[in-house]
Amino acid sequence: MAAALLLVSSILFSCLAASCHGVTLSSLQKTLIVFVTASPSPGQVLKAGEDSITLTWSFNNSFPARTDSAYKTVQVKLCFAPISQQDRAWRKTEDNLVKDKTCQYKIVAKPYSPSNNTFSWTVQRDVPTGTYFVRAYAYNSADEEVAYGQTTDAHKTNNLFQVKAISGRHVSLDIASICFSSFSIVSLFGFFFLEKRRAKHSQEN
């Protein structure tokens, strides 16, 4: 019993230590340049499940050579802008990236390359209505964040875009529902017809 309690205590301590000593955004260098190269026009709202954006990212060559020597992979994420975080604790921004809930939607993960990175992404159907920006993280061989870049400024007020979630039922679901209902009605009439014939046949015999 004592051994089990000690094991549980050790696990809890490890988890708390990880959350307390996780990488912070403020400690990372902003060495990646991220652009939305095919973006919605001003005032346009992207429809989840239909519209897409094209992203590019690269190393900022104004930093010294080999600054990116530890970069192994890059992960690009869709992030909530402050206006879509208000009164929503589950989207709260934290400097500690273990606790941060700003960027909840993974767009793509790729091996690191300092240039010529392009990716076209269709807004996923599970993305809720809101205002967003895009952020890219560079990771080292230990899968720890070591640098980042984003499409907006530090205050997250510029170069934002809006997404409208899917509402109501999808057309394909309506069609499937109609077909199923029609099949059920036909089957029901067929069942009654066969039962009636069977009863009539029994009476004749």
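Residues numbered from 1 in each chain as written. Predicted model: local features only at pLDDT ≥ 70, side-chain atom pairs only at ≥ 80, totals over all residues. Heavy atoms only, no water.

Help me understand the confidence of the model for the chain in this model?
Atomic detail in the predicted coordinates should be set aside for any region of low pLDDT. Residues of the chain with pLDDT of at least 70 account for 70%, and the chain-wide mean is 83. Confidence drops under pLDDT 50 across residues 3-19; counting only partners more than four residues distant or on other chains, this segment forms four contacts. (pLDDT = per-residue confidence, 0-100. Contact = heavy atoms within 4.5 Å.)

Quick question: what am I supposed to make of the state of the cysteines here?
Every disulfide links exactly two cysteines, by a covalent bond between their sulfur atoms. Tallied over the full model, the rule gives one disulfide. Through a disulfide, C79 is tied to C103; the S-S separation comes to 2.0 Å. Looking down the S-S bond of the C79 and C103 bridge, the torsion is 100°, so its handedness is right-handed. You can see C79 sitting in strand β4 (residues 73-80) and its partner C103 sitting in the loop between β4 and β5 (105-111), a full 24 residues away along the chain. Owing to a relative accessible area of 0%, C79 belongs among the buried residues under this scheme. (Disulfide = S-S within 2.5 Å. Helix = DSSP H or I, 4+ residues; strand = E, 2+ residues; numbered from the N terminus. Buried < 20%, exposed > 50% of the residue type's maximum accessible area, 1.4 Å probe, protein only.)

How should I be thinking about the packing of aromatic side chains in this particular structure?
The geometry of an aromatic ring pair comes down to the distance between the two centres and the angle between the two planes. Under the defined criterion, the tally for this structure stands at five aromatic pairs. Ring geometry for F80 against Y105: centres 6.0 Å apart, planes inclined by 70°, an arrangement best described as edge-to-face. Remark: Y105 occurs in strand β5 and F80 occurs in strand β4; sequence separation between them is 25 residues. With respect to burial, F80 and Y105 carry one shared label: buried. With a centroid separation of 6.4 Å and an interplanar angle of 65°, the aromatic rings of Y137 and Y139 are classed as edge-to-face. Taking the relative accessible area as the measure of exposure, Y137 reaches 3% and is therefore buried. The exposure class of Y139 is buried, given its relative accessible area of 6%. Cluster of aromatic residues (ring-pair linked, three or more members): F80, Y105 and Y132. (Phe/Tyr/Trp six-rings, centres within 6.5 Å; stacked < 30°, edge-to-face > 60°.)

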